[in-house]
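One-letter residues, chain by chain:
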Amino acid sequence: MHSLNVTLTRNQIADFVNLGFLAIDRITANDEIGQLREIFDRLFDARTGESRGLFYDLAAPRGHAGRNLLPQVLGPDLHVPELRESTYYRNARALGATLLGVPEDELTIGGHMIMKPARYGAETPWHQDEAYWDPNVVMNSLSVWLSLDEATVESGCMQFIPGSHQSEDVHEHRHIDDDPLIHGLVTDHVDPTHAVSCPLSPGGATFHHSRTLHHTGANRTPAVRRAYILVCSGPADERDTPAHRPWQQDERNALARAGIDVQVF
Ligand code: NI
C-alpha cells in the first residue's frame, strides 16, 4: 500500500472556485503510477466491457472497425475493485470533497480512462462535461484528471477557459462531425484565445468543475498519453423543468436506427 497525503492551500481552493479548474504537481505516489499504467494497458488491450457499452471510441462512430482514435474505458473499478483502495482514489475523494464543499461521505465517485495513442489520438473538442449528463438535475461535480504520462500541449494535456464554469446553464452542444453515432460532444460557444494549458508530469492532476469548458489537442508525440479520470459528485439539485439537451436524444435515435443496442453512458 502506498501513501501520499496531499492537501490544498486556501489559495488553491480559491483558484478552483474562481477559475473552475486547478492543477497540482502530484496526487499519487511514484510507485503507484507504474501499477496504474499496467492496469490501464490491460483494460485497453482487452477492450474491457465493450459488449456492455463500457469500452468505445469517443471520437469515432459506434461500431467502427478502424484503429482507435480516442478509446475510453468506463468504470475501470468495476473490473479492478482495488483501484478504489489506491492512493489516487483516496486523495481524489478527499480533495474533491474539499473543492466541492461536500462531506466525503456524501460524495459519489465514477471513473473512466482515456487513451490518446501515440501520433494518432484525435483532439477532444471543447465541451462542458455536464452536457453529457442527466438534464433533470443541476450537478455539483468535478473531474479529477490524473496523467499517467508526460502531458504536454503536444501530447494532449488539458486546456481550460478560466471562469467558464459560471455560465448560466450548459451551452448548446452537438456531436463531433455532426454525427450522433459519435458519442463525443463539441460546443461552438467558446473563445479558444482565452485557453489556459495545464501540462503535467506523470502523477500530476487537474481538477475541473462540471461546467468548465475544456479541451485537449491531438497527440503529436511518439508516446502514448494515458489519463485516469475520477468524477466526484455531491448531491444534485432537481430542476423544475428538464434542461434542453436535444443532442442526447439525437444519439439515442441514431443508435436505434443503426440497430446498435448499447446503453448510453
Ligand atoms: Ni470532459
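Here, every reference points to the structure presented above.
In short, a report on the structure. (Residues numbered from 1 in each chain as written. Predicted model: local features only at pLDDT ≥ 70, side-chain atom pairs only at ≥ 80, totals over all residues. Heavy atoms only, no water.)

**So, the pattern of salt bridges**
For step 1, the next point in the chain: Throughout the structure, instances matching the rule amount to 14 salt bridges.
For step 2, the next point in the chain: Arg37 is paired through a salt bridge with Asp149; the nearest N and O atoms lie 3.9 Å apart. One end of the pair, Arg37, is in helix H2 (residues 30–45); the other, Asp149, is in the loop between strand E7 (141–147) and strand E8 (158–160), and 112 residues separate them in sequence.
For step 3, the next point in the chain: Since its relative accessible area comes to 27%, Arg37 is described here as partly exposed.
For step 4, the next point in the chain: Here Asp149 falls in the buried class, since its relative accessible area comes to 9%.
For step 5, the next point in the chain: Through salt bridges with shared partners, a single network forms among Glu130, Asp169, Arg211, Arg239 and Arg245. (Salt bridge = Lys/Arg side-chain N within 4 Å of Asp/Glu carboxyl O. Helix = DSSP H or I, 4+ residues; strand = E, 2+ residues; numbered from the N terminus. Buried < 20%, exposed > 50% of the residue type's maximum accessible area, 1.4 Å probe, protein only.)

**Let's talk about the sheet that holds strand E5 (residues 124–127)**
For step 1, the next point in the chain: Taken together, four strands build an open sheet; the order of strands is E5-E13-E8-E11 and the sheet is antiparallel. Pairing within the sheet leaves two strands with one partner each, and these edge strands are E5 and strand E11 (196–198). For this sheet, the mean inter-axis angle between neighbouring strands, taken without regard to orientation, is 25°.
For step 2, the next point in the chain: Inspection of the sheet shows E8 paired to strand E13 (residues 214–216) by three bridges, in the antiparallel sense. Looking at E13, one finds that Phe160 is bridged to His214. (Pairing = 2+ DSSP bridges. Axes fitted to C-alpha atoms, helices over the stretch in contact; angles between N-to-C directions.)

**A look at the environment of His79**
For step 1, the next point in the chain: Turning to its location among the elements, His79 is positioned in helix H3 (residues 76–79).
For step 2, the next point in the chain: Once residues lying within four places of it in the same chain are set aside, the contact partners of His79 are Leu43, Thr48, Gly49, Arg52, Leu54 and Leu74. (Contact = heavy atoms within 4.5 Å.)

**With respect to unusual backbone geometry**
For step 1, the next point in the chain: You will see that Asp177, though not glycine, has its phi angle at about 60°, which is positive.
For step 2, the next point in the chain: In this structure, Asp177 sits in the loop between strand E9 (174–175) and strand E10 (185–186).
For step 3, the next point in the chain: Of note, Asp178 is a non-glycine position whose phi angle comes to about 55°, a positive value.
For step 4, the next point in the chain: With respect to the helices and strands, Asp178 occurs in the loop between E9 and E10.
For step 5, the next point in the chain: Residue classification places Asp178 among the exposed residues on the basis of a relative accessible area of 55%.

**Side note on the coordination of the nickel ion**
For step 1, the next point in the chain: For the nickel ion, every protein donor is listed as His127 (NE2), Asp129 (OD) and His214 (NE2), and the spread of their distances is 2.1 Å.
For step 2, the next point in the chain: Taken in chain order, the donor set of the nickel ion reads H-x1-D-x84-H.
For step 3, the next point in the chain: With relative accessibility at 6%, the residue His127 sits in the buried group.
For step 4, the next point in the chain: On the basis of relative accessible area, Asp129 is assigned to the buried category, the value being 10%. (Donors = N, O, S within 2.8 Å, 3.2 Å for Na, K, Ca; no water.)

**Considerations on helix H5 (residues 246–257)**
For step 1, the next point in the chain: Here H5 contains twelve residues, and its C-alpha end-to-end distance of 16 Å stays within 8% of the 16 Å for a straight helix at 1.5 Å per residue.
For step 2, the next point in the chain: Looking at the buried side of H5, the elements it contacts are E9 and E10.
For step 3, the next point in the chain: Looking one or two places after H5, you find Gly259, whose phi comes out positive at around 70°. (Expected span 1.5 Å × (residues − 1).)

**Looking at the sheet that holds strand E4 (residues 108–116)**
Strands belonging to one sheet form pairs held by backbone hydrogen bonds; the direction of such a pair is parallel or antiparallel.
For step 1, the next point in the chain: Taking strand neighbours across the sheet as the criterion, the seven strands line up as E1-E12-E7-E14-E4-E3-E2 in an open arrangement whose pairing is antiparallel. Only two strands of the sheet have a single neighbouring strand rather than two, namely strand E1 (21–24) and strand E2 (55–57). Each adjacent strand pair in this sheet contributes to an overall mean axis angle of 20°, direction not counted.
For step 2, the next point in the chain: Pairing of E7 with strand E14 (residues 225–233), which is carried by seven bridges, proceeds in the antiparallel orientation. Bridge pairing in E14 links Ser141 to Ser233.
For step 3, the next point in the chain: Helix H1 (residues 10–19) rests against E1, E7 and strand E12 (205–209) of the sheet, and its axis sits at about 145° to E1.

**Remarks on the packing of aromatic side chains**
For step 1, the next point in the chain: Using the criterion set out here, one finds four aromatic pairs in the structure.
For step 2, the next point in the chain: Ring geometry for Phe44 and Phe55: centres 6.0 Å apart, planes at 70°, overall edge-to-face. Of the two residues, Phe44 is situated in helix H2 and Phe55 in strand E2; the sequence distance between them amounts to eleven residues.
For step 3, the next point in the chain: Residue classification places Phe44 among the buried residues on the basis of a relative accessible area of 6%.
For step 4, the next point in the chain: Phe55 sits in the buried class, given a relative accessible area of 3%.
For step 5, the next point in the chain: What links up through ring pairs into an aromatic cluster is the set Phe40, Phe44 and Phe55.
For step 6, the next point in the chain: When the ring centre of Tyr56 is taken as reference, the NZ or CZ atom of Arg62 above it lies at 4.1 Å. (Phe/Tyr/Trp six-rings, centres within 6.5 Å; stacked < 30°, edge-to-face > 60°. Lys NZ or Arg CZ within 6 Å of the ring centre and 35° of its normal.)

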